[in-house]
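Structural characterization, general
Listed below are the residues making up each chain.
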Amino acid sequence: MSFQKLGVIGGGAWGTAMAQVIASDGSDVLLWAREAEVVDAVNATHSNPLFLPVIPLSPKIRATGSLADLADCDALVIVVPAQFLRSVLAELPAGDAPLILCAKGIEAGTQLLMSEVAAEVRPGSPIAVLSGPTFAHEVAAGQPTAITLACADAEIGRALATRLARPGFRPYSSDDVVGAEIGGAVKNVLAIACGVVEGAGLGQNARAALISRGFAEMVRFGLARGARIETLTGLAGLGDLVLTCSSTSSRNFSLGKGLGEGVPASELLADRRTVAEGAATAPVLAEAAKATGVEMPIVSAVNALLAGEASVRTVVDQLLARPLRAEGA
Ligand SMILES: NC(=O)C1=CN([C@@H]2O[C@H](COP(=O)(O)OP(=O)(O)OC[C@H]3O[C@@H](n4cnc5c(N)ncnc54)[C@H](O)[C@@H]3O)[C@@H](O)[C@H]2O)C=CC1
Ligand SMILES: O=C(CO)COP(=O)(O)O
């Protein structure tokens with residue numbers, strides 16, 4: 001099980017960074033991008049000005065606009081945004097190569113995690129999830145990064161981790177696929193909340209409180225859905241939460257900052273080229289929490305703000321007016 005030939009599906013910032021990781025030991029890698037201008041730029045100038053500007057890319061990365069070209073890959077790293085996973089997987093050439101899923105979100109309409117969507121569309125393919133604190137521009141520049149690689153089949157998971165590991169890119173193996181996915185999906189919504197705190201000038205105490213109480217929501221929801229605590233406290237949960245709740249490099253945090261400054265969500269989300277997954281995940285997560293019987297007040301507040309149903313002042317007042325409770329409750 002060596003998974004020699006790797007393909008990457010999705011030429012956004014993170015797909016391009018993953019192709020760069022794979023190419024960094026001299027491996028050839030094929031990158032599928034939806035935009036012809038990305039395919040052309042990667043092949044002609046070894047760059048992706050649309051989604052990962054400034055960073056020079058390895059000439060070992062070859063781009064294609066045709067999914068059929070990935071038919072003979074031994075494993076595929078899938079990096080399209082969560083809401084497009086189903087449609088892109090459905091167009092892949094037939095095969096049973098393992099899929100390494102990188103999108104951080106929950107499917108709207110079905111409330112399915114990415115691994116559940118992939119199992120429906122490609123029932124013959126082993127599924128792994130790669131998730132953690134990994135800003136694409138830092139990874140593509142070769143800066144040190146650790147990440148969780150979760151796969152229910154421990155042997156396949158270890159082989160994939162070995163294949164992707166590089167001196168500056170360190171995957172930790174896990175068999176808790178659900179935990180890795182819930183960590184990544186929930187932290188995006190909480191990063192929006194932390195951005196709101198920043199944009200509205202509510203202070204650093206408030207941000208730390210939101211990270212802690214938001215993490216409590218992630219843990220409650222994760223445990224109810226079968227995640228393990230060590231995954232939620234690990235790279236894919238707490239690690240990624242800390243990263244994206246404290247930096248404007250996070251698109252989700254930046255979106256929240258705009259909301260906190262009083263810009264309507266509709267304006268912030270119009271004509272975006274890059275993805276802020278938390279915006280699509282917030283309403284689905286709020287519904288899923290209700291269906292699971294788990295309280296997620298911060299997630300509900302973000303959802304109300306994004307839907308334009310409440311002002312920043314109102315949601316903050318509502319959160320602060322909740323009945324006092326024991327911390328572990
Ligand atoms: N950027 C980052 O630092 C990281 C991103 N991720 C995750 O990776 C996933 C992809 O994000 P990025 O690469 O950052 O995206 P991006 O924001 O850089 O680019 C947007 C991507 O969406 C694709 N897209 C737009 N419309 C589409 C459609 N109709 N069908 C299929 N694809 C479409 C574009 O082709 C492009 O690849 C997200 O789930 C994100 O949460 C995970 C780790 C790090
Ligand atoms: O998931 C990420 C880093 O781990 C990227 O976060 P944003 O999608 O908020 O930019």
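Residues numbered from 1 in each chain as written. Chains lettered and ligands numbered in written order. Predicted model: local features only at pLDDT ≥ 70, side-chain atom pairs only at ≥ 80, totals over all residues. Heavy atoms only, no water.

Lining the immediate surroundings of ligand 2 are 13 residues, of which Lys104, Asp240, Ser250, Arg251 and Asn252 lie closest. In this structure, an oxygen atom belonging to ligand 2 sits 2.7 Å away from a side-chain N or O atom of Asp240. Notes on ligand 2: free accessible area 300 Å², of which the protein chains cover 92%. If you list the elements that add at least two residues to the shell around ligand 2, you get α10 (235-244) and α11 (251-260). Considering only residue class, the shell around ligand 2 consists of 3 nonpolar, 6 polar and 4 charged. Built from parts of two domains, the shell around ligand 2 gets at least three residues from each of domain 1 (6-175) and domain 2 (178-320). (Near = heavy atom within 4 Å. Polar contact = N/O pair within 3.5 Å; in protein donor to acceptor, adjacent residues only side chain to side chain. Areas by Shrake-Rupley, 256 points an atom, 1.4 Å probe, with all protein chains shown as cover. Helix = DSSP H or I, 4+ residues; strand = E, 2+ residues; numbered from the N terminus. Nonpolar A, V, L, I, M, F, W, Y, C, P; charged D, E, K, R; others polar. Domains from an automatic or database assignment.)

Glancing now at the pattern of salt bridges. Should the charged atoms of two oppositely charged side chains come close, the side chains can pair. Enumeration according to the criterion identifies 14 salt bridges in this entry. A salt bridge links Lys187 to Asp240; its shortest N-O distance comes to 3.9 Å. You can see Lys187 sitting in helix α7 (residues 177-199) and its partner Asp240 sitting in helix α10, a full 53 residues away along the chain. Across the pair, Asp240 and Lys187 agree in class, each one buried. Arg228 is the partner of Glu230 in a salt bridge, and the nearest nitrogen-oxygen pair spans 2.8 Å. When salt bridges that share partners are traced, they join Arg86, Glu107 and Glu120 into one network. (Salt bridge = Lys/Arg side-chain N within 4 Å of Asp/Glu carboxyl O. Buried < 20%, exposed > 50% of the residue type's maximum accessible area, 1.4 Å probe, protein only.)

The next thing to look at is the sheet that holds strand β2 (residues 29-32). Read from one edge to the other, the open sheet built from 8 strands follows the order β3-β2-β1-β4-β5-β6-β7-β8, with strand pairing classed as mixed. Each edge of the open sheet carries a strand with a single partner, namely β3 (61-64) and β8 (169-174). Strand-to-strand twist in this sheet, taken as the mean axis angle between neighbours without regard to direction, amounts to 25°. Where strand β6 (residues 127-131) lies against strand β7 (residues 145-151), 4 bridges are found, and the strand directions are antiparallel. (Pairing = 2+ DSSP bridges. Axes fitted to C-alpha atoms, helices over the stretch in contact; angles between N-to-C directions.)

Below, the discussion takes up the UniProt feature "binding site: NAD(+)" (unreviewed entry) in the protein chain. The positions that UniProt labels "binding site: NAD(+)" (unreviewed entry) are, in the present scheme, Gly10, Gly11, Gly12, Ala13, Trp14, Gly15, Phe84, Ala136 and Arg251. Structurally, the position occupied by Gly10 is in the loop between β1 (6-9) and α1 (13-23). The class of Gly10 is buried, set by a relative accessible area of 3%. Tracing the chain through its elements places Ala136 in helix α5 (residues 136-140). Every residue in contact with Ala136, bar those within four places of it in the chain, is listed here: Ala13, Trp14, Ala17 and Leu52. (UniProt positions renumbered as here; feature names shortened; annotations may be inferred. Contact = heavy atoms within 4.5 Å.)

Looking at ligand 1, there are 23 residues lining it, with Ala13, Trp14, Glu35, Val275 and Glu277 nearest. Backbone polar atom of Trp14 to an oxygen atom of ligand 1: 2.8 Å apart, as the coordinates give it. The side chain of Glu35 places a nitrogen or oxygen atom 2.6 Å from an oxygen atom of ligand 1. In terms of residues, the shell around ligand 1 owes the most to one element, α1, which gives 3 residues. Class assignment of the residues belonging to the shell around ligand 1 gives a composition of 12 nonpolar, 5 polar and 6 charged.

This part covers the environment of Val189. Structurally, Val189 can be placed in helix α7. For Val189, a relative accessible area of 0% translates into the label buried. Between the C-alpha atoms of Val189 and Val302, which are 113 residues apart in sequence, the distance is 7.1 Å.

A word on the nonpolar core. Grouped together as the largest cluster of nonpolar side chains are 47 residues, with contacts concentrated most on Val186, Phe221, Leu285, Met296 and Leu306. Secondary structure elements with two or more residues in this core: α7, α8 (204-224), α11, α13 (277-292), α14 (297-306) and α15 (312-320). Considering each element in turn, this core owes the most residues, 11 residues, to α7. Setting aside anything within four residues of it in sequence, one finds Met296 in contact with Val186, Glu217, Met218, Phe221, Leu285 and Ala289. (Core = buried A, V, L, I, M, F, W, Y, C linked by side-chain atoms within 4.5 Å.)

Before going further, it helps to spend a moment on the state of the cysteines. Overall, the coordinates contain 0 disulfides when judged by the stated rule. With no disulfide of its own, Cys73 lies 14 Å from the sulfur of Cys102, the closest cysteine sulfur. Between Cys245, a free cysteine, and Cys194, which holds the nearest cysteine sulfur, the sulfur-to-sulfur gap is 3.3 Å. (Disulfide = S-S within 2.5 Å.)

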